[in-house]
Amino acid sequence: MGLSAVDQTSLLRTAILGLISIVAIGSRLYSVIRFESIIHEFDPWFNYRTTKFLVNHGFDRFWNWFDTAAWYPLGRVVGGTLYPGIMVTSAAIYNALHALNIPVDIRNVCVFLAPAFSALTAVATYLLGKEVKNATAGLFAAAFMGVAPGYISRSVAGSYDNEGIAIFLLVFTFYLWLRAVRRGSALDAALAAGFYFYMVSAWGGYVFIINLVPLHVLALVLMGRFSNRIYVAYSTFYALGTLASMQIPFVGFQPTFTSEHMAALGVFGLVQVVAFAQHVRTQLPAQQFAVVLRVAVAGLFVVGAGVLALLTARGVIAPWTGRFYSLWDTGYAKVHIPIIASVSEHQPTAWPNFFFDLNMLVWLFPAGIYLSFRELTDNHVFLILYALFAAYFAGVMVRLILTLTPIVCVLAGVAIAGVFETYLNNRTMSASSRVSAYVPRIAVLANFMFFLCMFQWHCSWITSSAYSSPSVVLASRGADGSQHIIDDFREAYSWLRHNTDKGARVLSWWDYGYQLAGMADRPTLVDNNTWNNTHIATVGRIMASDEDTAYELARQHDVDYVLVIFGAMLGYSGDDINKFLWMIRIAQGVYPDAVNEQAFFNDEGQYAIGDSASETMRNSLLHKLCYYRFGEVMGPQAFDRVRKQRLPSRVTLDNFEEAYTTDNWMVRIYRVKPLDNLGRTHHAAAAF
């Protein structure tokens, strides 16, 4: 007996979803195929290092690990200052594979974790699309999510960052929430709370969930759609989710006193009041209930606002953090917290970036919003709120295109599913009109098929060319098209690992702290955690000071080596000279008497290098470390290939000595000279 039509359809959908998952994984493997199985970028190196520690030493030591190699001499309490979700996930997979006698290195587990979770994200997006529309919309949404560059940018093989698993958890939590709202199910709400807890353990973006869900509930209450389903779903979700989230040490009691969580708490209280009001309404006559309701609402509003203001004024409720202020005021960070503004992924999003990361989904997205407004079920209210807020936040911070991508894919799936269902439906046509109707239908469907093919081509090209190159290994093309690998970063870190003492302290800008700890295994003064602005400002001050002042500061902080990134030979624009202004601004914020940004501009107001630079710029330690001996290699008439300016005619160093420079001069390492045996300054010793 053959399969029924329903079973055949289910089997076909399962097969399509399986193919989407395979494509999602395969499209993220370009970096491994072209380079090798390696951890990318900066933050992933910290995650990888801590995962190795977890696997080698166990959960208890990991949870209580005090890392003396980070933030010298302060150290770091690792277990209490991270989101452990991705490390625990990788360790669990590693141990499960070894329990099955499948030998695999923890590095490969970390490298391929994000592509594996991208398949799960595609499935979760299908379920979300099916929940809000139908299975067709779900399949289109899953297909878009599987290949959209906006998500691939954080989930390629080797991108071992929190977002690699967090986007799956974000989408699946939202799916369970909408399912709980539709069914009024405490079980679904409890499952949503469980995955919310997993999300809290994985990424700080969990704040988006705990603000969007109560916003959805508030909107339903204001629209007069409150019901027992909403009460059961939200009360269960908030109570269990909040209690669970507080088990993560890095979060702790924040849900009870920080501004980011107050909306959820307030809506929880509102839900209880509304539910109680509905109960009272059944016990009192309509006229008496109206009077009681007005008095109660006015009283609760006054009391609530007063308590909130009092607790905020007394510091019981913590104010919004600088990162959240920067979401509402794009100029806030540049003025008040330059260390946040210095990060490229925290910059406002340029309009072309949306087309770069979303392509045709940009114009399908508003079509999906329009169709949601036409139906406007409880689920569609959620989609509209998610779309509006995610679009706004993605506009003010380029990194947050990542959280916009899921809702864009879902709404695009809703829109294109509507088109295909309309133009493939022959039931509404009479036999005589079918022939004349085929031509426009075929034209419309062919047009959309063309766009879908171009979308897939765009996604593959963007993934291959823009998002599949590990930052620690660079590549260039020769005139004949041959590929040339630039491996200066690992070359430098390997030299440090094999040619310096285990406890040698390395000073560099904070961008490279995690890579130094992960690959060179040497103590650093600052790293990408950026929790101590004063310490980072101190490093900036050392780089911006003249050589003698920098030497004294380096000696005070027990620095043995100084590492700088220099791209003038190859034209690598992400070097320290281009970041120098941010170092200066951060240092000036803490040491205004020692560092003045204006002093680094010449008389023409230009940020220049070489002989045309200001005296302060020429004498700064970073300028000297970068251009020392560079003219000997490039010649007297040479130019800096990044700044397009002439090199300084003469650079001298007395307190620091060159220890190692990589083949392409991208990484330069200097040794801090010990004090002279005769008590002389190094200038005097050099002159002698």
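Look above for the structure.
A brief report on the enclosed structure follows. On a predicted model such as this, the values are computed, not experimentally measured, just so you know.

Some thoughts on the overall build of the chain
Within the chain one finds 32 helices and 10 strands. Scaling as 2.2 N^0.38, a compact globule of 688 residues should have a C-alpha radius of gyration of about 26 Å, and the chain matches this with 29 Å. In terms of overall dimensions, the chain has a C-alpha envelope of 100 × 65 × 60 Å along the principal axes. When each of the 688 residues of the chain is scored for burial, the buried share is 51%. Put simply, of all contacts in the chain between residues at least 6 apart along the chain, 71% involve residues at least 24 apart. In the chain, 48 positive and 47 negative side-chain charges are present, and the distance between their average locations comes to 11 Å.

A few points about a nonpolar patch on the surface
A cluster of nonpolar residues, Phe356, Phe450, Met454, Trp457 and Trp461, forms a patch on the protein surface that exposes about 560 Å² of accessible area. A total of four residues in the nonpolar patch trace back to one element, the largest contributor, which is helix H23 (residues 431-466). With respect to the helices, strands and loops of the structure, Phe450 is situated in helix H23. On the accessibility criterion, Phe450 (49% relative accessible area) is partly exposed.

Details of the side chain of His380
Tracing the chain through its elements places His380 in helix H21 (residues 378-396). A distance of 3.3 Å separates a polar atom in the side chain of His380 from the backbone oxygen of Val132. For His380, the contacting residues outside a window of four places in its chain are Val132, Ser372 and Glu375.

Looking at the sheet that holds strand S9 (residues 656-661)
Across the sheet, four strands lie side by side as S5-S6-S10-S9; this open sheet has mixed pairing. Two strands lie at the open edges of the sheet, namely strand S5 (506-507) and S9, each paired on one side alone. Where S5 meets strand S6 (residues 561-565), two bridges bridge the pair, whose relative direction is parallel. Residue Leu507 lies in a different strand from S6, and its bridge partner there is Val562.

Side note on the nonpolar core
Of all hydrophobic cores here, the largest spans 198 residues; its most connected members are Phe144, Trp177 and Phe237. Non-local contacts of Phe237, meaning those with residues more than four positions away in its chain, are made with Thr173, Trp177, Ala189, Ala192, Ala193, Tyr196, Ile209, Ile210, Val213 and Thr242. Ala122, Ala135, Leu139 and Ala142 belong to the second-largest nonpolar core, a separate cluster that totals seven residues.

Details of the pairing of S9
Pairing geometry for S9 and strand S10 (residues 667-672), over five bridges, is antiparallel. The residue of S10 that forms the bridge with Tyr660 is Ile669. Adjacent in sequence and paired antiparallel, S9 and S10 are bridged by five residues, among which Trp665 carries a positive phi angle near 60 degrees.

Re the packing of helix H6 (residues 106-132) against helix H7 (residues 135-147)
Two packed helices can be described by the angle between their axes and the distance between those axes. Where H6 contacts H7, the axes come no closer than 7 Å and their chain directions differ by 150 degrees. What the angle tells us is that H6 and H7 run roughly antiparallel. In terms of crossing hand, the pair formed by H6 and H7 is right-handed. In this structure, H6 contributes Thr121, Ala122, Thr125, Tyr126, Gly129 and Lys130 to the contact, and H7 contributes Ala135, Ala137, Gly138, Leu139, Ala141, Ala142 and Met145.

Considerations on the environment of Phe174
Note that Phe174 resides in helix H9 (residues 163-183). Residue Phe174 is classed as buried on the basis of its relative accessible area of 1%. Expressed as a C-alpha distance, the spacing of Phe174 and Thr125, which sit 49 residues apart in the sequence, is 9.7 Å. Not counting residues up to four positions away in its chain, the partners in contact with Phe174 are Leu128, Phe208, Ile209, Leu212, Val213, Phe382 and Tyr386.

Some points on the pattern of salt bridges
Tallying each qualifying case throughout the model produces 24 salt bridges. In this structure, the salt-bridge partner of Asp378 is Arg225, at a minimum N-O distance of 3.1 Å. Of this pair, Asp378 sits in helix H21 while Arg225 sits in the loop between helix H11 (206-222) and helix H12 (228-245), and the two are 153 residues apart along the sequence. In this structure, Arg505 engages Asp560 in a salt bridge whose closest nitrogen and oxygen atoms are separated by 3.4 Å. Here the residue Arg505 occupies a position in the loop between helix H24 (488-499) and S5, and Asp560 occupies one in the loop between helix H27 (547-556) and S6, the gap between them amounting to 55 residues. A relative accessible area of 21% means that Arg505 is categorised as partly exposed. For Asp560, a relative accessible area of 25% puts it in the partly exposed group. If you follow the salt bridges from partner to partner, you end up with Arg154, Asp161, Glu163 and Arg399 in one network.

What counts, and at which threshold
- Residues numbered from 1 in each chain as written.
- Predicted model: local features only at pLDDT ≥ 70, side-chain atom pairs only at ≥ 80, totals over all residues.
- Heavy atoms only, no water.
- Helix = DSSP H or I, 4+ residues; strand = E, 2+ residues; numbered from the N terminus.
- Rg over C-alpha atoms; globule rule 2.2 N^0.38 Å.
- Buried < 20%, exposed > 50% of the residue type's maximum accessible area, 1.4 Å probe, protein only.
- Contact = heavy atoms within 4.5 Å.
- Lys, Arg positive; Asp, Glu negative; His and termini not counted.
- Charge placed at Lys NZ, Arg CZ, Asp CG, Glu CD.
- Patch = residues over 30% accessible without salt bridge, like charges linked within 9 Å, V, L, I, M, F, W, Y side chains within 5 Å.
- Areas by Shrake-Rupley, 256 points an atom, 1.4 Å probe, with all protein chains shown as cover.
- Salt bridge = Lys/Arg side-chain N within 4 Å of Asp/Glu carboxyl O.
- Polar contact = N/O pair within 3.5 Å; in protein donor to acceptor, adjacent residues only side chain to side chain.
- Pairing = 2+ DSSP bridges.
- Core = buried A, V, L, I, M, F, W, Y, C linked by side-chain atoms within 4.5 Å.
- Axes fitted to C-alpha atoms, helices over the stretch in contact; angles between N-to-C directions.
- Parallel < 35°, antiparallel > 145°, perpendicular 65-115°, else oblique.
- Left-handed = near helix turned anticlockwise from the far one by under 90°.

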